[in-house]
Protein chains: 2
Amino acid sequence: MANLTALRDHNTAAVLGRIRAADEISRVELALATGLTAQAISKIVQRLAAEGLIAPAGRVPSAGGKPRTLLRLVPQARWVVGVQLHRHGSTLVLVDLAGRIVDATATRFDPSGATPQQTLDLIAAQVEAVIAELPRERVLGVGVACPGPLDQRTGVLHQVTGLPGWNGIPLRAELAARLGLPVFLDKDTTAGVLSRPGAPDRAFVYLGDGLGAGLVLGGRVQRGARTNAGEFGHQVIDPRGPRCACGNHGCLEALCRAALADGDRGRAADLLGEGIANLVRLLDLAQVVLAGDAVLADPDLFRDRIGAVVRERLPDPGWQQVGVTVTDAGEQVVALGAAGLVLGTLFGESDADGPDAAGLAVQAPAAQYPE
Amino acid sequence: MANLTALRDHNTAAVLGRIRAADEISRVELALATGLTAQAISKIVQRLAAEGLIAPAGRVPSAGGKPRTLLRLVPQARWVVGVQLHRHGSTLVLVDLAGRIVDATATRFDPSGATPQQTLDLIAAQVEAVIAELPRERVLGVGVACPGPLDQRTGVLHQVTGLPGWNGIPLRAELAARLGLPVFLDKDTTAGVLSRPGAPDRAFVYLGDGLGAGLVLGGRVQRGARTNAGEFGHQVIDPRGPRCACGNHGCLEALCRAALADGDRGRAADLLGEGIANLVRLLDLAQVVLAGDAVLADPDLFRDRIGAVVRERLPDPGWQQVGVTVTDAGEQVVALGAAGLVLGTLFGESDADGPDAAGLAVQAPAAQYPE
DNA sequence: CGACTTAGTCCACACTGTTGCTTTACTAGG
DNA sequence: CCTAGTAAAGCAACAGTGTGGACTAAGTCG
């Protein structure tokens, strides 16, 4: 997969990604940013405009010549559905090209009280409901986020935590067959890191029932050899600490939950800060986004204390530029991130390249396309 | 940078990479592996053969038709020099296309006893000596590995540990000017992970004076926002542990060194195993390569105990496939990895794409090319 | 108003990988 | 030995990519 079509798609995605990142940008700046010639940008922009994805948006004051024409996304040109499936129900969001949540539904139900097939029927019905008013050809696809472990490449669930009976369910194929739309599946934390565009090296840290992380490294999602990267909570921070459900002692997750159980959010934040500082140094990250019930209960405290620990642990001024923030999407982060799985294919943030170094391997398609 | 030239280079590198990985491979298999058509492979192979990089190597028994022609690298077609610069001197290796060390020199000297300029002159002379007999146009370049921190993108050293006076030295440019060859610079641990081809998600863990890691994730080197990823040793494993030089308590590095100081290699291995298990789960790695003086002092012990800890900590059978080995390159790993920095550009393992998600950003060149 | 500057496009072009067909080189069967 | 069948590899024409040079559009400035 590295022919002329791939080249075009790659460049097109890069241009779209730049436009999204800049909100408004001129052709000249696009040429500069991508390294392509003005002529190539001109062609690509024409194609995108013909597809309705972008449109001119005013002009920049001239600097002694013809003024630059600003371009921007047409948010309503395409739509994407993001689904979070968790132990207590589902959350759906309808998202436009600009990444704005246009519609949302949260349903509480007990997935273990029904067969997976029934639950899939329910999810499919929910998706249909949310896109009912839209021209179907403008719906790019559906992203689904689940607790792991799962196989992102094949779209099959494994022993999903708290959902017995789902082991081996080919969720992606099942849903694609029901909907007739492209479906993407990934871990909830991995989806979370795609909830908003961000730095090329960043982490999404989710402290809820469990503790997990999603990683974007070198501008691409890190999924790992078995697409289950992000096990952040079970690192041993204190071998004499309390026993964790995973069998070890003093896992970061166990320590944080113990602190939260004591009502001591400050301690939980400090502990989490230690783990995040380790993470930042290991991977040289520029940005950390926090989320999860526990964090959302007191966002400022977590942001400030974790930021403080990170600054303390990374004294070198060169490292000071680590942005620690709490997600602005609240409880919809993961569903929004699931939508991001689909949008990423358009904007070039997902690693459509697959596992191969050179991006040329024969690859399992990242999405299930209906036949 | 994503034009036809880039496309060709990308495919060429992918084909070369496949040939290296397979040792011997036919055109048909190359087409299958890369997804390119047989015709495209035919053209690329012709070009590579014309450049002398590959040559036919026998045939596969026919299965009822024209037999497949096997292709393989011509190891002597190109050469690469790898340099490790450390606190006590330098190690040089001359490496052929197959990654074999053809010549090697290790020199002990005190870099702090001379000006950086003098040391650079010395290194340049050593490189010249090792390539003296070779046709210069067949020397692809020189890779240099240093302790961090440094800026890989600009090729400038920062406050290198143990080498005062080197802060701000543009090592890459200086050396390229002296040699008239492309020069690549990177952290020693990052170089180490490129010492041999390996899994797309792997780590190189070096336990010597310090403790660091090099990471290849999703088939690309993880360098991070400031190209200083790999700070593996200063994760806090035990907050009540001994004080570390970095100011924190109970860093993995401090604990390991304390164990080694006690003569207790087993404890050091177990501790390191914990850290590595955390790493494997966080990034979902398939392979871990161990190196460093401490490990080489008793390779089997480290391999076996770390392997055992990893298997114990990752009980899910899906995770069992983590290969833990000790490098076969001994004390020359880092220098060999420095050579790998150069070879990677040929075989498509390095991330020539730079930090941008789509690989299209205007980028600082990864190598310094002489003018 | 005219000279100048910058943005953006038209057109011919070089070069990529692809498609359809042919040649090469072997096995199998009479 | 000959013929049919099969698979690998190359040839030639082609579609589509980004590029380079010339040209047009739309401003500023003196």
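Residues numbered from 1 in each chain as written. Chains lettered and ligands numbered in written order. Predicted model: local features only at pLDDT ≥ 70, side-chain atom pairs only at ≥ 80, totals over all residues. Heavy atoms only, no water.

S.K.: Sorry, what's going on with the overall build of chain A here?
M.R.: Regarding its fold elements, chain A presents 11 helices and 15 strands. For 371 residues, the compact-globule estimate of 2.2 N^0.38 gives 21 Å, and chain A sits close to it at 21 Å. Judged by the C-alpha coordinates and their principal axes, chain A covers about 70 × 55 × 40 Å. Across the 371 residues that make up chain A, the buried fraction comes to 56%. Of the contacts formed within chain A by residues at least 6 apart in sequence, a portion of 61% connects residues at least 24 apart. Carbon and sulfur atoms make up 52% of the accessible area of chain A, which amounts to about 14600 Å² in all. Both charge centroids of chain A, one from 35 positive and one from 39 negative side chains, sit 5 Å from each other. (Helix = DSSP H or I, 4+ residues; strand = E, 2+ residues; numbered from the N terminus. Rg over C-alpha atoms; globule rule 2.2 N^0.38 Å. Buried < 20%, exposed > 50% of the residue type's maximum accessible area, 1.4 Å probe, protein only. Contact = heavy atoms within 4.5 Å. Areas by Shrake-Rupley, 256 points an atom, 1.4 Å probe, with all protein chains shown as cover. Lys, Arg positive; Asp, Glu negative; His and termini not counted. Charge placed at Lys NZ, Arg CZ, Asp CG, Glu CD.)

S.K.: Looking at this model, I keep getting lost on the packing of helix H7 (residues 252-261) of chain B against helix H8 (residues 265-283) of chain B. Mind explaining?
M.R.: Helix-helix packing is described using two parameters, namely the angle between the two axes and the distance between the axes. Residues and elements named next belong to chain B. It is at 7 Å that the axes of H7 and H8 come closest, and there the two elements cross at 165°. It follows from the interaxial angle that H7 and H8 lie roughly antiparallel. Our pair here, H7 against H8, has a crossing hand that is left-handed. Facing H7, whose interface residues are Leu252, Leu255, Cys256, Ala258, Ala259 and Leu260, H8 presents Arg265, Arg267, Ala268, Leu271, Leu272 and Gly275. Broken down by class, the residue content of the contact of H7 with H8 amounts to 9 nonpolar, 1 polar and 2 charged. (Axes fitted to C-alpha atoms, helices over the stretch in contact; angles between N-to-C directions. Parallel < 35°, antiparallel > 145°, perpendicular 65-115°, else oblique. Left-handed = near helix turned anticlockwise from the far one by under 90°. Nonpolar A, V, L, I, M, F, W, Y, C, P; charged D, E, K, R; others polar.)

S.K.: Explain the pairing of strand S15 (residues 323-326) of chain B here, please?
M.R.: Remember that side chains alternate between the two faces of the sheet whenever the strand is regular. All names here are of chain B. Burial of the side chains of S15 is restricted to one face: Val324 and Val326 are buried, whereas none of Gly323 and Thr325 on the reverse face is. Here strand S14 (residues 287-291) pairs with S15 via 4 bridges, running parallel. When the sheet's bridge partners are listed, glutamine 287 is paired in S15 with glycine 323. (Pairing = 2+ DSSP bridges.)

S.K.: Would you take a moment to explain the UniProt feature "domain: HTH marR-type" (unreviewed entry) in chain A for this structure?
M.R.: This chain's UniProt record puts "domain: HTH marR-type" (unreviewed entry) on residues 13-55 of chain A. With 72% helix and 9% strand, residues 13-55 of chain A has its two end C-alpha atoms placed 16 Å apart. (UniProt positions renumbered as here; feature names shortened; annotations may be inferred.)

S.K.: Hey, could you run me through the protein's contact with DNA strand C in this one?
M.R.: Every one of the 26 residues lining DNA strand C counts as a neighbour, but Gln39(A), Ser42(A), Arg68(A), Thr37(B) and Arg59(B) are closest to it. Interatomic distance of 3.5 Å between a side-chain N/O atom of Arg27(A) and a phosphate oxygen of DNA strand C. In this structure, Asn11(B) approaches DNA strand C through a side-chain N or O atom, which is 3.0 Å from a phosphate oxygen. For the surface near DNA strand C, the elements supplying multiple residues, two or more each, are helix H2 (27-34) and helix H3 (38-50) of chain A together with helix H1 (4-22) and helix H3 (38-50) of chain B. A class-by-class count of the residues in the surface near DNA strand C yields 6 nonpolar, 13 polar and 7 charged. (Near = heavy atom within 4 Å. Polar contact = N/O pair within 3.5 Å; in protein donor to acceptor, adjacent residues only side chain to side chain.)

S.K.: Honestly, unusual backbone geometry in this entry has me stumped. Any pointers?
M.R.: Note: most peptide bonds trans; most residues except glycine with negative phi. All names here are of chain A. Note the cis peptide between glycine 148 and proline 149, where omega equals -5°. Phi is positive for aspartate 284, which is not a glycine, with a value near 55°. Note that aspartate 284 resides in the loop between helix H8 (265-283) and strand S14 (287-291). Given a relative accessible area of 0%, aspartate 284 falls into the buried group.

S.K.: Got a minute to help me understand the environment of Glu137(A) in this structure?
M.R.: Residue and element names in this part refer to chain A. As for its placement among the helices and strands, glutamate 137 is situated in the loop between helix H4 (116-130) and strand S7 (139-146). A relative accessible area of 64% places glutamate 137 in the exposed class. Along the backbone, glutamate 137 and alanine 338 are 201 residues apart, and their C-alpha atoms lie at a distance of 19 Å.

S.K.: In this structure, what is going on with the domain arrangement of chain A? I would like to understand it.
M.R.: Often, the extent of an interface is quoted as the loss of accessible area upon association of its parts. Residue and element names in this part refer to chain A. Here the domain parsing of chain A yields domain 1 (4-73), domain 2 (77-192 + 334-347) and domain 3 (202-327). Distance from the C-alpha centre of domain 2 to the C-alpha centre of domain 3: 26 Å. Taken residue by residue, the interface counts 14 residues in domain 2 and 16 residues in domain 3. Approximately 1100 Å² of surface area, both sides summed, lies buried where domain 2 meets domain 3, with 44% of it carried by carbon and sulfur atoms. Linking domain 2 to domain 3 there are 3 salt bridges. (Domains from an automatic or database assignment. Buried area = accessible area lost by both parts, 1.4 Å probe. Salt bridge = Lys/Arg side-chain N within 4 Å of Asp/Glu carboxyl O.)

S.K.: Whenever I open this one, the interface of chain A and chain B confuses me. Can you help?
M.R.: Opposite the 64 residues of chain A that make contact, chain B presents 64 residues. At the boundary of chain A with chain B, total buried surface from both sides reaches about 5100 Å², with 49% on carbon and sulfur atoms. Area buried by chain A at its contact with chain B is led by Arg226(A), Arg281(A) and Leu282(A), which between them contribute 14% of it. There are 2 salt bridges connecting chain A and chain B. With its nearest N and O atoms 2.3 Å apart, the salt bridge here joins Arg226(A) to Asp284(B). At the boundary of chain A and chain B, one finds 20 residue pairs in polar contact (both at pLDDT 80 or more). Taken together, the elements giving at least two residues each to the side of chain A that touches chain B come down to helix H1 (4-22), H2, strand S12 (211-217) and H8 of chain A. By residue class, the composition of the side of chain A that touches chain B is 30 nonpolar, 20 polar and 14 charged.

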